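Remarks on the overall topology
So you can see what is in the structure, the chains are spelled out below.
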Amino acid sequence: MIATDIIKFVFKTPNCLYHFDSNSRTLYSTDILIDHLSYMSVLYMLNYLDISSADKTNEEHIKLVMIISFYTIYSTILEYTLTDFESFIKGKFELELPQDWINYDLHINYHDYFPKPSLNSLRFSVDNLIPYDSSQLDLPPIISNNPITSNLKLLSNVSIPSASYLPLQFTADILIKQKQHFLLYGPSGCGKTTLLKFLLRKHNNIIPMTIPVSNWSTKRTFSQFIRTHSKILQKKYMLSDKSLTFALIFDNVPSNNNKAIEFIRMLVTMSSVPFTSRKDPKYLDILEIRNFFVIVTSQNVSYFSPRFISNFYLMKLEPPNDIAIKEIYHGLGTYFNINEQIVDIALAFAQRFRNDDKYHFHFLSLLRIFPAYEKKEGKTLEDFTLLVQMLFYQLYLTYAHRLTSDDEIESFKDFFKEEFESEEHREILSYLSDEDRILYSEIEMKDNEIHETIITNPIHLMEEELHFYLNQFNAASDTEKLQLKFSSPVIKQWSILQNALTFPGSNVLLVGEESTGRYTLTRFISHMKQSKFIKLEPVSD
């Protein structure tokens, strides 16, 4: 009855696969909801019973683990809050949860993220419902090894633990021990990549291999990538090291790339990959993959076919809420040893503007300058003013320069003034509407540390300086001549792009219509910054 009651409830609740009043339904999604998810719930329950040390002769234990397992698996497809689902579970099956955390020793971040006990914050162990192991939040950040930037502390190399990850880490541990394939989905920027790092951190016998996926990925590109970067593909008669397991992570799989989807499905169902023989193109060779499991990440599962979804457990990662964002900012602030006041102010801006759909401000964008803040204590007014200028310039790069109306600019100024009472700090706001001056930053590396200097210049002097570098380039180049007119809007675009191109660890995607100067401005900035410029011509596959 547990399975039947839960499935009936989910049928009547908005979810990403099927519900009774939906206008858009995935083909055969009822099969996934009724058959596949219930089957996965039972398998998960059997593994859960083992790791929880439950008494398998105790009917109450079995019932409780079964309820938790069905809740865990089916909650991954619900579109809205889980509050109604949990209320239904507790009422239907007379489930009693602890009223508060008084008798538990919890990490403060766990208590903040889960203010009271719930099905999402509890696990079954021995004979009780208890919180997840919050001591994991005391572990140090994960620092990714990057041979190119090994001596630099870059934001992209640092991953901070979050209380929001703990329920998914627990679920994933059960799946990983059984080498079960799972599909992790959630919107861009919700932390899927970071979560995977924490999932695999304690599994020393697992070798993760991230396989990038795009709309143009094919069976051939996948096969070549796997064969080039590992020795996992083997002929049937070859022996393999059974002590090691490969986690093949297909990152950001789009639901409209059928070639990629079919390759992944073939991999998990057949554990082999067909190859055309190098010696004889007419001969098809079959290479096996052993000791592996597949992790797929994607932004949405609604448009994947049941033929594909039926091979995976589903795991959903929600976008970070204000408490999770606070965890990230404070965790990185501690790691980079940054002035706490400036961290709190940056956090306030991130939370204030993160829901601005018009200008697509990303709540993580202000973290980009944290490496440049490292060890800057800001104890004097002069030092703290520099930190404020750096923060303002990052706000300008990521948000304020897009503001178009006077009301929007004034609203931004008002919020800035709320955070900064000093006139020295508020003075920088004048650059938002000053057409005669330009604000920009210069990045310099000293002793493997990032140093950022905020500079202001009259527009006419900046124009003269840029013309000097342009003439210098054209005089030195016999094959390429650049044509640029340094109007005020172009100079402002230059200030933004040169910062993006020179800040360590940055990547830039330039979007615009043809002949808008994307290539020319990039080429010019590369010359100014004495950077090597390499142009890659597109080639057909």
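Above this text sits the structure in question.
Notes on the structure in this doc start here. These numbers were taken from a predicted model, which means no experiment stands behind them.

Sheet analysis places strand β1 (residues 122-125) next to strand β2 (residues 128-131), joined by 4 bridges and oriented antiparallel. Residue phenylalanine 124 lies in a different strand from β2, and its bridge partner there is leucine 129. The antiparallel pairing of β1 with β2 creates a hairpin that spans 2 residues between the two strands, and valine 126 there sits at a positive phi of about 65 degrees.

What follows deals with empty space enclosed by the protein. For the structure shown, the criterion picks out 2 cavities of 30 Å³ or more. Taken as a whole, the largest cavity holds about 70 Å³ of empty space. If you trace the largest cavity, you find it lined by Phe392, Tyr396, Tyr431, Leu432, Arg437, Ile438, Leu439 and Lys492. Secondary structure elements with two or more residues in the lining of the largest cavity: α14 (381-398) and β13 (437-446).

In contact at an axis separation of 11 Å, helix α1 (residues 2-11) and helix α2 (residues 29-51) are set at 150 degrees when each is read in the N-to-C sense. Classed by the angle they form, the pair α1 and α2 counts as roughly antiparallel. Crossing angle aside, the handedness with which α1 passes α2 is right-handed. For the pair formed by α1 and α2, the contact residues are Ile7, Val10 and Phe11 on the first element and Thr30, Leu33, Ile34 and Ser38 on the second. A breakdown of the residues in the contact of α1 with α2 according to their chemical character gives 5 nonpolar, 2 polar and no charged.

What follows is about the packing of α1 against helix α3 (residues 59-74). One way to put it is that α1 packs onto α3 with a least axis distance of 10 Å and a crossing angle of 25 degrees. Judged by the angle between their axes, α1 and α3 are roughly parallel. Crossing hand, α1 versus α3: right-handed. Residues Ile2, Ala3, Ile6, Ile7 and Val10 of α1 touch α3, and the partners they reach there are Lys63, Met66, Ile67, Phe70 and Tyr74.

Criteria and cut-off values
- Residues numbered from 1 in each chain as written.
- Predicted model: local features only at pLDDT ≥ 70, side-chain atom pairs only at ≥ 80, totals over all residues.
- Heavy atoms only, no water.
- Pairing = 2+ DSSP bridges.
- Helix = DSSP H or I, 4+ residues; strand = E, 2+ residues; numbered from the N terminus.
- 1 Å grid on protein atoms, 1.4 Å probe; cavity = no way out; pocket = protein on both sides within 12 Å on 5 of 7 lines; lining within 4 Å.
- Points joined across faces, edges and corners; volume = space filled by probe spheres on them.
- Axes fitted to C-alpha atoms, helices over the stretch in contact; angles between N-to-C directions.
- Parallel < 35°, antiparallel > 145°, perpendicular 65-115°, else oblique.
- Left-handed = near helix turned anticlockwise from the far one by under 90°.
- Contact = heavy atoms within 4.5 Å.
- Nonpolar A, V, L, I, M, F, W, Y, C, P; charged D, E, K, R; others polar.

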